[in-house]
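Examining the three-dimensional arrangement
Each chain, letter by letter, is given below.
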Amino acid sequence: MTKNSLSNSNMRKEILRHSYHPLLYNQVGVLVGTLILISAIKDVVETKLIIIWVVFFISSIIIRIYTYFFYRKNKNSSDDKIIKKCKNNFIYGSLYVGIVWGSASIFLFPSHSIIHQAYLVITIILIISISTISLIPSIKSIYLIVIPAITPLIIQLLILNASLTNTFAIILMLYLTLLLRAGKKLYLIFKENIYYKHLSQENEIISKDNENKYRIFYEKSKDAIFIISDNKISMANPAAVKLFECSSLQQMLETNPFNFAPEKQPDGIKSIEKLKSIYTQISQTGKYRFNWVYRTLNGHEKPADISLSVISFGNQQAIFCMVRDMTEAKKYEKDLILAQKNASQANQAKSEFLANMSHEIRTPMNGIIGSTNLLLQHELNQDQYLRALTINSSASAMLTILNNILDFSKIEAGKIDLEHINFDIARLIQEISSSTLNSALEKNLHFSYSIPKNIHKIYIGDPGRIRQILDNLLNNAIKFTDEGQVLLSCRVLKETSQESTIEFSVKDTGIGLSQKQLNRLFQPFVQGDSSTTRKYGGTGLGLSICNQLSEQMGGSITVNTTISEGSQFIFTLNLKKAKDIKNTSLHSQGSVHEKKTFNAKVLVVDDMTVNLEVTMGMLEVFGIDVVLAENGKEAIEHLKSEKFDLVLMDCQMPIMDGYQATKAIRLSEPKILNSKVPIIAMTANAMQGDRQICLDAGMDDYLAKPLGLDELKSILDKWLGKKMEIKYSQTLSDST
């Protein structure tokens, strides 16, 4: 608190109380002095003048009495306006009294009688002196009563211009100065006393309030609080008595603090040794916090969090102790760890289930898709061709569902992988268009695509995920369009020297979407409505996956649509430009119209007869000489005696699996002809991390079952490119 606190209402009330307290007594004294004065000068001053002055004097007494009773009536008010009015009444009343006594120098001044003049001067001095003492609480009132009362008397004495009256005037001027200075000094002393009295009262109130708060905290705290001095417990709250299972406070105070510690702590160290170390720490830092196991008087051992602080207590140092029982917290922590372990096990079980499901479904799917692909390579009548095409289409749809579920699971777990490689964006659009064209032609839809001629050639990103998004959007456009056209386009929205903002657009003339369908569009496992699901099928995962993939790549997907008129899906993505394109590995899977053959010999290793036959048939399409092996051991036997250009290796096989066989081949144990032969994993393991496991085992590349001709051709292009012979090719023309 500072002296500025004097402005508060309590302080103002205190000052007013001291101002008004002597007011009535002062008026009685002034009245007595006035009567004596009038009786002394009545013979030398005209009666009329005396009567006029007495009227003024009585009016001043009435004013003072009124202000006094007004104060008495409102002294307990908390209204600042009332307090201010009381203060102003007192000040203005003092001014009026000063004017009344100043007028006495005019009405009651005996100009021809030195004795009566002296009598008047002495009377005014005495009355004003008494008034000044009573006005100490208000410095303004002192000035307003002293100056108006004495100044006219000094002037009257100076007007007479006699040596004695001049002497009286000089004495009065000195007295006036001393009276004002003394009044100011007394006011400051009074004000200081009031301030410190008020401060003391407030501190006492605060102290009592704090004491009550601390006592409530001390007594109601759920944590145990006690003080140790002279190796004894001097004070303890009810929570401490309860925590240590004492029958009463007295029992706890009589118990040695060391009795509340077990012989050893959980780490095997004796409690007494740890306590010595703790006391050393406290003596150095003044406080210490630690985990501890305490023992109750009933022998129960429980965990606790303890805080110790050094304090002054009874003219000596003591230790303030706060103990929080951690039994429930430890139990909760244990339950949480168990729950996390169970969740981890459940997540692991889920991952294993997905991995097994993926493997078991992909293995027969490989036989179905591979066989139908091979069947479609032969000359078939129209009925046979349509049936084979139906099988292939259904199997591909089932594979799409499987891939979507696995992708959704990866995204949900936050384990989706994104590549950052160089790719040719124009070639990527051409490849996507090539694979889409046949689907559009089957429904008699017009399909076209456009690429800006001035677009930057090579960007850095994940072409596989971009292709996945655009393939999904195009497949949906074709699925939901019965007549009209589908257009794929891309354009540059914004470009700098470092990167470009590319907008991909897929526009159709299909069924369109309602506002209700738009609100649910990107939610997983949700389609437009039940009739859409019945007519067109699907899991409702595709767009959800596309949306989440675009967000992970820093892009976004929006849609413009009109019911029954069509939709336009817009995929926007920021792509960094590749600076050096001399050694760029371009993203390419080749045109579906190319016919390639390879002058090469390939070893296919798989324990499933169907997979062996299908893979052999697919390789023979490319003119490759194929040798088959049913496990890793057979593969090594072939490699001892024959030289191969490539090995397609299954991972899970009896006798010797693909990982073991690959390690043996790389170590050339037993001795084989070419330990550096390219080995491609050909497996139904398509979960997160399976590719890396294969590469870590020494394999060179990875193919997930079921195999498609396009995927197989890409691998052959990559690893047997030098042995490739292109008989003819046909590329889809740009539509601009």
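Please refer to the structure higher up on the page.
Please read these numbers as outputs of a predicted model, since none were measured by experiment. (Residues numbered from 1 in each chain as written. Predicted model: local features only at pLDDT ≥ 70, side-chain atom pairs only at ≥ 80, totals over all residues. Heavy atoms only, no water.)

1. Some thoughts on the overall build of the protein
In terms of helices and strands, the protein carries 22 helices and 19 strands. Split into buried and exposed, the 736 residues of the protein put 43% on the buried side. When contacts within the protein are restricted to residue pairs at least 6 apart in sequence, those whose partners lie at least 24 apart make up 68%. Carbon and sulfur atoms provide 55% of the accessible area of the protein, an area that totals close to 40000 Å². (Helix = DSSP H or I, 4+ residues; strand = E, 2+ residues; numbered from the N terminus. Buried < 20%, exposed > 50% of the residue type's maximum accessible area, 1.4 Å probe, protein only. Contact = heavy atoms within 4.5 Å. Areas by Shrake-Rupley, 256 points an atom, 1.4 Å probe, with all protein chains shown as cover.)

2. What about a nonpolar patch on the surface?
A cluster of nonpolar residues, Val 28, Val 32, Ile 36 and Tyr 119, forms a patch on the protein surface that exposes about 330 Å² of accessible area. At 3 residues, the largest contribution of residues to the nonpolar patch is made by helix α2 (residues 23–41). Its place among the elements puts Val 28 in helix α2. (Patch = residues over 30% accessible without salt bridge, like charges linked within 9 Å, V, L, I, M, F, W, Y side chains within 5 Å. Salt bridge = Lys/Arg side-chain N within 4 Å of Asp/Glu carboxyl O.)

3. With respect to the sheet that holds strand β14 (residues 601–605)
The 5 strands are arranged β15-β14-β16-β17-β18 in an open sheet whose pairing can be described as parallel. Sheet topology places β15 (625–629) and β18 (701–704) at the edges, where each strand pairs with a single neighbour. Here the average twist between neighbouring strands, direction ignored, is 20°. In this fold helix α20 (residues 658–667) packs onto β16 (646–649) and β17 (679–683), with an angle of close to 155° to the strand it touches most, β16. (Pairing = 2+ DSSP bridges. Axes fitted to C-alpha atoms, helices over the stretch in contact; angles between N-to-C directions.)

4. Side note on the packing of helix α14 (residues 463–479) against helix α17 (residues 542–552)
Two numbers describe how α14 lies on α17: the axes approach to 10 Å, and their chain directions differ by 145°. The chirality of how α14 crosses α17 is left-handed. Between α14, through Arg 465, Gln 468, Ile 469, Asn 472, Leu 473 and Asn 476, and α17, the contact on the second element is made entirely by Gly 542, Leu 543, Ile 545, Cys 546, Leu 549 and Ser 550. Tallied by class, residues from the contact of α14 with α17 come to 6 nonpolar, 5 polar and 1 charged. (Left-handed = near helix turned anticlockwise from the far one by under 90°. Nonpolar A, V, L, I, M, F, W, Y, C, P; charged D, E, K, R; others polar.)

5. Quick word on the packing of helix α13 (residues 425–442) against α14
Taken N-terminus to C-terminus, the directions of α13 and α14 make an angle of 25°; their axes are 10 Å apart at the nearest point. In this view, α13 runs roughly parallel relative to α14, as classed from their interaxial angle. Taken as a pair, α13 and α14 cross one another with a handedness that is right-handed. Contacts from Leu 428, Ile 429, Glu 431, Ile 432, Ser 435, Thr 436, Ser 439 and Ala 440 in α13 reach Pro 463, Ile 466, Arg 467, Leu 470, Asp 471, Leu 474 and Ile 478 in α14. (Parallel < 35°, antiparallel > 145°, perpendicular 65-115°, else oblique.)

6. Considerations on the packing of aromatic side chains
Within the structure shown, the criterion is met by 12 aromatic pairs. Summarising the aromatic geometry, the rings of Phe 504 and Phe 571 are spaced 5.5 Å apart at their centres and angled 25° between planes, so their arrangement reads as stacked. Highlighted residues: Phe 504 in strand β10 (residues 499–508) and Phe 571 in strand β12 (residues 566–577), separated in sequence by 67 residues. You can call Phe 504 buried: its relative accessible area is 1%. Grouped by ring-pair contacts, the aromatic residues Phe 226, Phe 244, Phe 260 and Tyr 294 constitute a single cluster. Cation over ring: Lys 601 sits above Phe 644, and NZ or CZ is 5.0 Å from the ring centre. (Phe/Tyr/Trp six-rings, centres within 6.5 Å; stacked < 30°, edge-to-face > 60°. Lys NZ or Arg CZ within 6 Å of the ring centre and 35° of its normal.)

7. A word on the pattern of salt bridges
Here the structure, examined in full by the defined rule, presents 16 salt bridges. In this structure, the salt-bridge partner of Glu 495 is Lys 577, at a minimum N-O distance of 2.9 Å. You can see Glu 495 sitting in strand β9 (residues 485–495) and its partner Lys 577 sitting in strand β12, a full 82 residues away along the chain. Classification of Glu 495 by relative accessible area gives partly exposed; the value is 44%. The buried category is assigned to Lys 577, whose relative accessible area is 15%. Across the pair Lys 640 and Glu 637 runs a salt bridge, and its minimum N-O distance is 3.3 Å. One end of the pair, Lys 640, and the other, Glu 637, are both in helix α19 (residues 632–641), 3 residues apart, so they sit about a helical turn from each other. Look at Lys 640 and you get partly exposed, because its relative accessible area is 31%. Through salt bridges with shared partners, one network takes in Glu 431, Arg 467 and Asp 471.

8. Things to note about the nonpolar core
Counting residues in each nonpolar core, the largest one holds 40 residues, and the members touching the most others are Trp 53, Trp 101, Leu 108, Ile 128, Val 146, Ile 150 and Leu 153. At the level of elements, α2, α3 (47–74), α4 (80–107), α5 (114–134), α6 (139–160) and α7 (163–220) are the ones that each hand at least two residues to this core. Among the elements that line this core, the one with the most residues is α6, at 9 residues. Not counting the four nearest positions on each side in its chain, Ile 128 is found in contact with Trp 101, Ile 145, Val 146, Ala 149, Ile 150 and Leu 179. Membership of the second largest hydrophobic core comes to 39 residues, among which are Phe 447, Tyr 459, Ile 545 and Leu 549. (Core = buried A, V, L, I, M, F, W, Y, C linked by side-chain atoms within 4.5 Å.)

9. Points about the environment of Arg 467
Structurally, Arg 467 is set in helix α14. Judged by relative accessible area, which is 12%, Arg 467 ranks as buried. Put simply, Arg 467 and Glu 431 are 36 residues apart on the chain and 9.1 Å apart in space, counted from C-alpha to C-alpha. Here the side chain of Arg 467 touches Glu 431 through a polar contact of 3.4 Å, side chain to side chain. (Polar contact = N/O pair within 3.5 Å; in protein donor to acceptor, adjacent residues only side chain to side chain.)

10. So, the pairing of β17
Within β17, 5 of the 5 residues are buried, leaving the element largely enclosed by the surrounding structure. Side chains of β17 alternate between two faces, with Ile 679, Ala 681 and Thr 683 and Ile 680 and Met 682 buried alike. Of the strand pairs in this sheet, β16 and β17 are connected by 3 bridges, and their pairing is parallel. Opposite Leu 648, over in β17, you have Ile 680 as the bridge partner. Between the parallel elements β16 and β17, the chain passes through α20 in a crossover that is right-handed. Judged from the 4 bridges that link them, β17 and β18 form a sheet pairing that is parallel. What sits directly across from Thr 683, in β18, is Ala 704. (Right-handed = clockwise from strand over helix to strand, strands pointing away.)

Shape is all these values report; function is a separate question.
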